[in-house]
Structures are given as structure tokens and as C-alpha cells.
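# Residue-level structure breakdown
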Amino acid sequence: MDLHKEIYIPKPSPFDPDELGHFGKFGGRFVPETLMPALEQLRKDYEAVRFDKDFWAEVDYYYKNYVGRPSALYYAENLSKELDAKIYLKREDLNHTGAHKINHCVAQAVLAKRLGKKKIIAETGAGQHGVATATVAALFGLECEVFMGAKDVARQELNVFRMKLLGAKVHAVESGSKTLKDAMNDAIRHWVTNARDTYYLIGTVAGPHPYPMMVRDIQSIIGWEAKEQLNAAEGCLPDKIIACIGGGSNALGIFSHFLEDESVECIGIEAGGEGLECKHGCSLEKGSPGVLHGQLSYLLQDADGQIQEAHSISAGLDYPGIGPEHAFLKDEGIVTYSHITDVEALDAFVWLSQSEGIIPALESSHAIAYLKKMKPEDIKGKIILVNLSGRGDKDMIQVKDILKEQFA
Amino acid sequence: MKNLVAYITTGFPSLEFTVDVALALAESGVDTLELGMPFSDPVADGPVIEAANLKALQNGFKLHHLFEASAKIAPHIDTLWMGYFNPFYHKGMDTFITEAKKAGVNGFIIPDLPFEEAKPYKSVIEAAGLNLIDFIAPTDSKARIEQIVTDAKKFIYLVAYAGITGAGKSEDLQEIVSDIKTFTDTPVYVGFGVDQNTAKEKAKGVDGVIVGSAFVKVLLDESLSNTQKITKISAIAKEIKEKINS
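Residues numbered from 1 in each chain as written. Chains lettered and ligands numbered in written order. Predicted model: local features only at pLDDT ≥ 70, side-chain atom pairs only at ≥ 80, totals over all residues. Heavy atoms only, no water.

## Concerning the sheet that holds strand β7 (residues 169-173) of chain A
All names here are of chain A. To keep things clear, this is the line we draw: We treat two strands as partners when DSSP finds at least two bridges between them. For helices the rule is a DSSP run of H or I covering at least 4 residues; for strands it is a run of E covering at least 2, with both sets numbered from the N terminus onward. Here an axis means a line fitted to C-alpha atoms, over the contact stretch when the element is a helix, while the angle between two N-to-C directions is reported on a 0 to 180 degree scale.
Here four strands make up an open sheet; going across it, the order is β7-β6-β5-β8 and the pairing parallel. In this open sheet, the two edge strands, each paired with only one partner strand, are β7 and β8 (198-200). The mean angle between the axes of side-by-side strands here comes to 25°, regardless of whether they run parallel or antiparallel. Pairing between strand β5 (residues 119-124) and β8: three bridges, direction parallel. Opposite Ile 120, over in β8, you have Tyr 199 as the bridge partner.

See below:
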């Protein structure tokens, strides 16, 4: 199969949710009644294009000519030597705008355009999804408003400027913890008011149905390509696949084409923050099922069901919830989940930069760091696929502040 | 006689004050009280109620406070708990049903639990002799309205416009009200954006109004003493009750 010629079209999956969006007991639609007709309409609109060749051909045109797909699968020679394994990196960091986020932005913008919507809104944490949304808004001539926590606006100044440069309006959200969770609250409030003419471009496999399934379908191009690329390079499946998880879009993107392959172990890495006894973002490992932002999934919450703040060095993983399909895959034991701390991620950030000349995003550094955390006998001689979901350019100012003495 | 439902955020500025305000509202002609359960992420609410929610939580509000206050309030006025679904889910609907029965509370209003997701809970709540209030929004189709209101009990919460609480918006609801009335005799109350100025207009063709932000604004007003707040809230309630019935 020549990935440069083939068009990616999702296929029905045994892990598809039911018609109401339930992955087992997780998922669903927990939103104010005002939004239910808009979500039901979007469900029908997406069902209509889900397997439609014309729709995906249009998306494919932009993937190949604008995003730069297929993204490379790179054999990381130096890491492989050091670890005595075969390490392959799926280079989503090479995409236009620097991460996998552009995939679901392009496809959702094509959908929004087909639906005749003139405005798109998005929430963003670190600003990567906001930048990718502002990018496709510029490309397709859509009006764009991005909701971002006031704390993130201050610490991700450069991405705020990028969004504005691309023509988007950025709302600094002052309520609650002033981070991604609150940005999403305000995006939902805006959408409740404007659903009639506005498309809400959610940035991960979370939120009310159909978003978790739709974004997973779109991002699964990552695993579809990687499976073919690895088969061409090694003639076999990987033994393990590692990806970081905030909401979980890049992880489901690379996992879903391998979930039925029993020999493949998929490993999702949550943000361990300052450690599991301190502040962290491990909704699966330390949270419990609950409802936030339109979905039932694992959540960080207190005894009364109030949502707690997450913490991670990486703003993209700094979220107290997780996509509902991950919650399902965890409970069913289909995917393995673990965590990496801020310190370990930072260490991997430097490690990959210096051993392969690739500066990863802090989010993706969590996946890279897990290579070092695995026991030598679990990794020796194995073929391991890591989703390098984004590049580290956006993290330069933050990391420079932390590491300036080390590299003085 | 058209009814007035009043919403206040529990535990703000204090639990004792919530009880005092509730009793004052009962004496000012309010028919049903919605005791709001503060939540960290109230997505259906505008800035006024959101601020009261967050301040109540900062003051240390816990769910047992709601249960305690309700026991003092519910004997004096028809009382419902209004809260987001996560605390219900986390503590278990059974816990809430037990506590509601103990306190004399008559049911729940859960704005992020739409019809489809409410189904398994609604039957349990009704079997216990309590109510789960159904919402209708101006975005709903006639088919969806029929589906929702056929089994609606106590009253139907008609959202006055596509938006969040406390926004000064209005939409023509006459068609949707007559759609609802073709399928059910359950009273229709309109909420969102109802205050002293809009109450008369919004009450047209419906059986009652639901007022929240207009009261919570007074609760949040730091220039007023607690006594002044109660006087003002009671006056607003009386004024609205009069206007919707004039």
C-alpha cells in the first residue's frame, strides 16, 4: 500500500459507542437541554460523512498538501542502541503547526464548512489546539474564537500571539482555576448560546457524543499509517505502543488500529506531575468515574464530587478528566496505563534532544520517558512504537527557565 | 394563580443565612424553593450564579450542609434540590433519595442530565415518591418535546432562551408553549433571565416563573447587611409574584 496515494477512511470498530455515545458505562451526553438538538444533529451529520469517500478525499487533500501527511516513521537508531531494542517514533511533531492536533482540526473544519457554519470556537490549554484551530479557521475563512484559562494565557504568551496573528479572538477565562477545565466550561457556555451558527471544535477525544468517537476516528490515521509503515520496515506488528494522555487523542489515534491485535501492548502515559501523592493529572490511576464536560469518565474529584485541579509541567496534560473510551479500555484491561512525573518528562526532553536531535513537546516527553522507566527485560529485543505527538518549540521559554543553569 | 419558584445558592454567604432567606421567601409568596447545590463547574450558569457557587465552596460548603439546612427549610416550603449531576453520581442517587426523604425535600432539578441519560434515574426517583424535573429548550423540535413532556411530573422547566442563566435575552416562546400544552397538562414554568422587569412578559401563557440570578445578585451584594439582603429579596419576590398574577 502506498500511503502517499491511499486515502484514509475510518472503519467501524468493535469499540464504537452505542447510539447514545456510551462506551460501556462511560461517555454519553451530559449537557444542558439547549445543546441536545445540536449534538443530535452533529451525530447525524457525522454519521453521514463517517465512511463517505468524498468527504475523506477532501480531508486527504489538505492532509497531503497542507499538513504534510503521511508523517514519517523514524527508526531511532541511537535510542535503540542504548536500550537494546528497536524504537520507532511516529513523527506527528513534523505536522504543520507542530503536533497531531492539526489532524482533527482539518477534518472538523471541513465538516463545519460542509454544514454551512461560519464560526468555530475551541478551548485550549497550552494553546496547541487553539493554534491549530486558528490555523484551519484562517485556511477556510471561518470566524474563530478561542477560550483559554487566564493562567494559561499568561504562561503561554507566544501561542496567544500566534492565535491572534492567525486572526482568532482569544478569551482569557477568569473563572475557577483559570486553566483548561475552565476554558472548556466557557466554551460550552458560549456554544449553548450560539449553537445555531457556531461549530464547537473540541480538541480531544472527550466531551459529549459524538466528539469522543469522531475525534478518535479522525486521529486514527496515525495508527493506520504507522501499521503500514512498520510492516514495510519490519514485516511485523510492534510489541508495544506508547503514547501520552491528557484527554487522550494522540493515544487513541495510534492505538485504535492495534487494539484487536492481541500480541500488541498499548500503553497510555498520564501526567504524574509532582508525584501521585502530590499534585498530578492521573485521572485513570487516581481518579474515579464521574461527569464533567458532557461525558461520564474518570475524574479527579473530592468526596463530594467537586472537581479537583490537575497539575502537570505540560499544560496539554493538565486536565482533571480523560476521554471516555480510555476509561472503558482501562476497565476492560485492553490498554495498560501508567504515569511519568514532571522530573522524568523533563529528563526525557533533554535525552531525546541530545540522542536523536529531536526536541519533543513536553507532552510527548512523557511517552519517551516511559522507555527508560520500563524494566530492561520488558524492552530488550522488542519493537516499540512511540507516538511523538508534538514538537518542543512551544515549550522553549518554559524549559529555558527551568534548565538555564544546566545549559549556561 | 401563577407560581413563583425561587433559586438560591446554598451556603452563601453562610448556611444559617440560607435558612433565614429561605424562610423569608416562603413568607413572601414563593411557592417552590430551589436550593442550589454549589458545584465547581456550573456550565449552565452565568457569571452571577457561578460566582455564588465558587464562593460557597471557598467558604467550605459540603453536601451534608445542604442536607442539614434542608431539614430546617423543607417543612415550611415545597423544596427541590438544584444541582449538577456529578455529585449525584459520585455519592449515588440512592444517597440523595434517602437524604431528600429524610429532610422532606420533594425532588431534584439537574440541568446537565438530559432526558436520555435521566431515564434510568427517573424511574428510581419517582418510585421513591420524588420528582425529577424535565427541561424543554427553545431549540427542541416538536418531536423531542413530545418525547420529553409525555411523562413530565410536577412542572416542566422551560428554558427561556438559548443561553446560560442570568443573560438578558428573550425569545418568542408562544409556539413552544402551545406545543408543550398539546402533549401534557403538567404546568409549564419559564426560567432563565426572569427578574422584576421581565417577569410579567415571561409569564405570558405559562403557569409560573423560575427566578435565580435576580435573587443571587442581592446575595452577592457586599454593600448590604444580611438584614438588608433579606428585606430586598423578600420585596423582589413579592413584586414578581404580584406582577405575574396581575
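That covers the picture; the talk isn't over yet.
## Observations regarding helix α8 (residues 174-183) of chain B
All names here are of chain B. Test applied: When a residue's accessible area, from a 1.4 Å probe over protein chains only, is under 20% of the maximum for its type it is buried; when over 50% it is exposed; and in between it is partly exposed. The reported arc concerns the directions from the helix axis to the C-beta atoms and nothing else. Note on contacts: a residue pair is in contact if any heavy atoms of the two residues lie within 4.5 Å.
Among the residues of α8, Ile 176, Val 177, Asp 179 and Ile 180 are the ones counted as buried. Taken around the axis of α8, the buried residues stretch over an arc of 160°, which confines them to a single face. Turned more than 90 degrees away from the buried face of α8 sit Glu 175 and Thr 182, all of them exposed. Elements that come into contact with the buried residues of α8 comprise β6 (134-136), α7 (142-149), β7 (156-159) and β8 (188-191).

## A word on the interface of chain A and chain B
Heads up, the rule is: Put simply, buried area is the surface a 1.4 Å probe can reach on two separate parts but cannot reach once they are joined, added for both. Salt bridge, as used here, is a side-chain nitrogen of Lys or Arg placed within 4 Å of a carboxyl oxygen of Asp or Glu. Counted as a polar contact is a pair of N or O atoms within 3.5 Å, where, for protein atoms, one must be capable of donating a hydrogen and the other of accepting one, and residues adjacent in sequence contribute only when both atoms are in side chains. Amino acids outside the nonpolar list (Ala, Val, Leu, Ile, Met, Phe, Trp, Tyr, Cys, Pro) and the charged list (Asp, Glu, Lys, Arg) are all regarded as polar, and Gly is one of them.
In this complex, chain A contributes 36 residues to the contact, which on the side of chain B involves 41 residues. Of all residues in chain A, the largest losses of buried area upon contact with chain B belong to Glu 33, Arg 189 and Asp 304 of chain A, amounting jointly to 24% of the total for that side. Here chain A and chain B share five salt bridges between them. Note that Glu 50 of chain B is salt-bridged to Arg 189 of chain A, the shortest N-O span being 3.4 Å. At the junction of chain A and chain B, the tally comes to 20 residue pairs in polar contact (both at pLDDT 80 or more). Those elements that provide at least two residues to the side of chain A that touches chain B are β2 (26-30), α1 (36-50), α8 (180-194), β11 (288-292) and β12 (294-299) of chain A. Broken down by element, the residue count for the side of chain A that touches chain B peaks at seven residues, all from α8 of chain A. Here the residues of the side of chain A that touches chain B sort into 15 nonpolar, 12 polar and nine charged.

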